[in-house]
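The residues making up each chain are set out below.
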Amino acid sequence: MPLKYYTHGRRDQMKVALTFDDGPNPPRTDQVIEILNSRGARGTFFVLGKWVERWPEAFLRIVDKGHAVGNHSHLHQTHLGDFDRAEAAIGNLLGRPTQFLRAHYFNFFTCLYSPVALAPEMKIVDADVNPADYAKTDPDAIVEATLNDPALAGGSIIDLHDSTESDDDALRLARSLPMIAALPAIVDGLQARGYELVGLDEMELVDPVEWRPDGRGTFASAAVRSMVNKIGD
Ligand SMILES: [Zn+2]
């Protein structure tokens, strides 16, 4: 069975999905929720199992405040498809399975080793708008990269990050997160264009992409892989 993933929803509807990877990360995730809720927007949080275990209450606040959640692996390690372990941590609190999964580093080959990822009811979700917020320090640059992305349209899925995968707590907490300063302008800008900001559970995902093994998974480091990807472009 081929592995399929989605990058967007229906193009004929004015819905856009903001997605946030690598949390929960209190108190920053709470700041994100506050910005969304104060503007009548919903988001989808692709959480890591290890952070859900460490901050179960922060995870439950995401759900209680009305947002969608998805599985983004347990440890966020390059070659490890530990979605089943993450699903156990998430499902234990959620009381039901997640519907959405995002491969860490978009390494789709890691899904091949996970029954949870391959379950027919699980939707593997990429994004069509990638502002690379994690690599930017200036909030305005994140706003710009999001709102001026040529792919931005009805049905777009935007990939942002409310945390980091780092196991170093001091680093995680000390690291600035300019995405949070950028988020109000992103939400306002999208709403001003008439987009409704919905959770992935309100978006009809269409045009699945069939993933084909490309050998890139054999490269161990993210730096090498990104070089190889550039050569392949
Ligand atoms: Zn991630």
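What you see is a predicted model, and the numbers here were worked out from it, not measured in a lab.

## Details of the overall build of the protein chain
Part 1: A count of helices and strands for the protein chain gives nine helices and eleven strands.
Part 2: A compact globule built from 233 residues would reach a C-alpha radius of gyration of about 17 Å, and the protein chain, at 17 Å, matches this within 12%.
Part 3: Projected onto its principal axes, the C-alpha coordinates of the protein chain cover approximately 40 × 40 × 35 Å.
Part 4: Buried positions account for 40% of the 233 residues belonging to the protein chain.
Part 5: Here the analysis covers contacts within the protein chain between residues at least 6 apart in sequence; of these, 77% occur between residues at least 24 apart.

## Examining the nonpolar core
Part 1: Within the largest apolar cluster, 53 residues are counted, with the highest numbers of intra-cluster contacts made by Ala17, Val47, Ile158 and Leu197.
Part 2: Here the element with the most residues in this core is helix H8 (residues 178-192); it accounts for six residues.
Part 3: In this view, Ile158 contacts Val16, Ala17, Leu18, Thr19, Ala127, Val129 and Thr146; residues no more than four positions away in its chain are not counted.

## Focus: the environment of His104
Part 1: Position of His104 among the secondary structure elements: in the loop between strand E6 (100-101) and helix H5 (115-118).
Part 2: Residue classification places His104 among the buried residues on the basis of 23 C-beta atoms within 10 Å.
Part 3: In contact with His104, not counting residues within four places along its chain, are His72, Ser73 and His76.

## Let's talk about the environment of Ala132
Part 1: Here Ala132 lies in the loop between strand E7 (123-124) and helix H6 (139-147).
Part 2: Ala132 gets classed as exposed once you count the C-beta atoms within 10 Å, which come to 12.

## Structural notes on the environment of Gln31
Part 1: Here Gln31 is to be found in helix H1 (residues 28-38).
Part 2: Judged by the 16 C-beta atoms lying within 10 Å of it, Gln31 is partly exposed.

## As for H1
Part 1: Of the positions making up H1, those classed as buried are Arg28, Thr29, Val32, Ile33 and Leu36. All buried residues of H1 project into a common sector of 145° when viewed along the axis, lining one side.
Part 2: Looking at the packing, one finds that the buried side of H1 touches strand E3 (15-21), strand E4 (43-47), helix H3 (56-64) and H8.
Part 3: Positive phi appears at Gly40, one or two residues downstream of H1, with a value of about 65°.

## Some points on the pairing of E4
Regular strands have side chains that alternate between both faces of the sheet.
Part 1: Taken across its five residues, E4 has five buried, putting it largely inside the fold.
Part 2: The two faces of E4 match: Gly43, Phe45 and Val47 on one face and Thr44 and Phe46 on the other face are all buried.
Part 3: Note: E3 against E4, four bridges, orientation parallel. Within E4, the position partnered with Asp21 by the bridge is Phe46.
Part 4: Handedness of the crossover is the feature at issue here: the chain leaves E3, passes through H1, returns alongside E4, and the resulting connection is right-handed.

Cut-off values and rules
Residues numbered from 1 in each chain as written. Predicted model: local features only at pLDDT ≥ 70, side-chain atom pairs only at ≥ 80, totals over all residues. Helix = DSSP H or I, 4+ residues; strand = E, 2+ residues; numbered from the N terminus. Rg over C-alpha atoms; globule rule 2.2 N^0.38 Å. Buried ≥ 20, exposed ≤ 12 C-beta atoms within 10 Å, placed from the backbone. Contact = placed C-beta atoms within 7 Å. Core = buried A, V, L, I, M, F, W, Y, C linked by C-beta atoms within 7 Å. Arc of directions from axis to C-beta. Pairing = 2+ DSSP bridges. Right-handed = clockwise from strand over helix to strand, strands pointing away.

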